[in-house]
Amino acid sequence: MTTSFSELQQLETLAERFQKYSKIARVEIPARVKHGKLDFPLYTFSIGSQKPEAPVFGVSGGVHGLERIGSHLAIAFLNNFLQRLEWDETFQWQLERMRFSFIPLVNPVGMYLTRRSNGNHVDIMRNSPIVAEHSSWMIGGQRISPHIPWYMGKEPGKMEVESQTLVDFFKREVFDSSASVLFDFHSGFGYVDQLWFPWAKSKTPFPHLAEVYRLKRLMDLVMPNHIYIFEPQAKNYTTHGDLWDHLYIEHQKKIQGTPQAKNVLMPITLEMGSWIWIKKNPWQFFSLLGPFNPIKPHRHRRTMRRHLPMLDFFTRVIISHGSWTDLSNTEREEAHAAAIKLWYQNRLPFKRPAEITE
Ligand SMILES: [Zn+2]
């Protein structure tokens, strides 16, 4: 028996409306998640060039069922595409050169049940085979009990349907791509909006540090007043079982020693600073969804529009990725050294931008 809720209904409507554009948009249900007598579809959207090597802008949302805002943002983005397919020639041009790969609601059972984990109490973002070099206590993942948050699952290495579907989808969409940036939308941590790059498993620098530094520098130049803290995930906490660490490592294994060895896969987590919503409206802390989502309608609308300039910037740096992926040895060394100085040598507490007060 299939059941539905608002976010799933919106995806069903989107899937129907994209049918008109089947030449350019592939909408699929690669798997379904069962929970008791209920079952839920996992929707994927692949829009634009289907050439394997095309650059990819990927998005996943709703990995954690309480963080509905992540799926809302992914759905808003897909709606924006649908409108622009009607008339926007620049967008058509863009789609000939790249593809958008979306899995907007990774954990429908969690969202249906209003809980972070999936139907088996597993935290999807602690469920890959990765064993961390450093892991934060409890929040970094645990196998003690499914009734405590951050449960990794019973058997090491066994992925849940949701995790496996996400990994398989992005393997198909990005493993032959010349460059990809994969955004994962989350909320529930911090006062400000943050962009986190790997590793989650370790406090050491990851191999594409020079490239991510160039990306950050480009963003600072193009959007000098942007609101994001851009830093390694491990500056905040480290975890076992991160799906992005897993995907990144699998990609490296596939391309090493091949002509595609220069291809770049860059996972970025957008962690929306939800504590500011609570600060503005303290009562929402006492509701189940309050700590993770903007509750007041005007604040929800603001969140929907707030990230579009940044995401639009990333769609551009994906098409023109040579500016941060094709680096000479000297450029790479310089960028790497600057990144180490910026992110790994500073033992002082991180300098935060002025708190966002809007
Ligand atoms: Zn989350």
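Residues numbered from 1 in each chain as written. Predicted model: local features only at pLDDT ≥ 70, side-chain atom pairs only at ≥ 80, totals over all residues. Heavy atoms only, no water.

*Asks:* Is there a simple way to explain the coordination of the zinc ion in this structure?
*Replies:* Reference values for angles at a metal are 109.5 degrees in the four-donor tetrahedral case and 90 or 180 degrees in the six-donor octahedral case. Of the protein atoms, only His64 (ND1), Glu67 (OE), Glu67 (OE) and His186 (ND1) coordinate the zinc ion, at distances of 2.1 to 2.4 Å. Because the angles between the 4 donor atoms bound to the zinc ion fall within 57 to 151 degrees, the donor set is best described as irregular. For the zinc ion, the single-chain donor residues occur in sequence as H-x2-E-x118-H. Of this pair, His64 sits in the loop between β3 (56-61) and α2 (68-85) while His186 is found in strand β5 (residues 179-187), placing the two residues 122 residues apart along the sequence. Residue His186 is classed as buried on the basis of its relative accessible area, which comes to 5%. (Donors = N, O, S within 2.8 Å, 3.2 Å for Na, K, Ca; no water. Tetrahedral: all angles 85-135°; square planar, octahedral: opposite > 155°, others 65-115°. Helix = DSSP H or I, 4+ residues; strand = E, 2+ residues; numbered from the N terminus. Buried < 20%, exposed > 50% of the residue type's maximum accessible area, 1.4 Å probe, protein only.)

*Asks:* Please explain the nonpolar core as it appears in this structure.
*Replies:* Most often, soluble globular proteins keep nonpolar side chains buried together rather than apart. Counting residues in hydrophobic clusters, the biggest one holds 72 residues, and the most contacted among them are Phe18, Phe57, Phe102, Phe183, Leu195, Met310 and Phe314. In terms of residue count, the dominant contributor to this core is α2 (9 residues). Ignoring anything within four residues of it in the chain, the contact list for Phe102 reads Tyr43, Thr44, Phe45, Phe57, Val59, Ala74, Phe77, Leu78, Phe81 and Phe169. Met159, Leu166, Leu182 and Leu247 belong to the second largest nonpolar core, which has 18 residues in total. (Core = buried A, V, L, I, M, F, W, Y, C linked by side-chain atoms within 4.5 Å. Contact = heavy atoms within 4.5 Å.)

*Asks:* Just checking my understanding: could you explain the environment of His147 for this structure?
*Replies:* The residue His147 is located in the loop between α4 (108-113) and α5 (161-174) in this model. Along the backbone, His147 and Val122 are 25 residues apart, and their C-alpha atoms lie at a distance of 9.4 Å.

*Asks:* Explanation requested: the pairing of β5 in the structure shown.
*Replies:* Within a regular beta strand, the side chains point alternately toward one face of the sheet and then the other, so they alternate between its two faces. Burial analysis of β5 places 9 of its 9 residues in the buried class, which makes it a mostly covered element. Pairing analysis gives 6 bridges linking β3 to β5, with the strands arranged parallel. In the sheet register, Phe57 faces β5, and the bridge partner there is Val181. Sheet analysis places β5 next to strand β8 (residues 264-272), joined by 9 bridges and oriented parallel. Looking at the pairing, Phe185 lines up with Leu270 of β8. (Pairing = 2+ DSSP bridges.)

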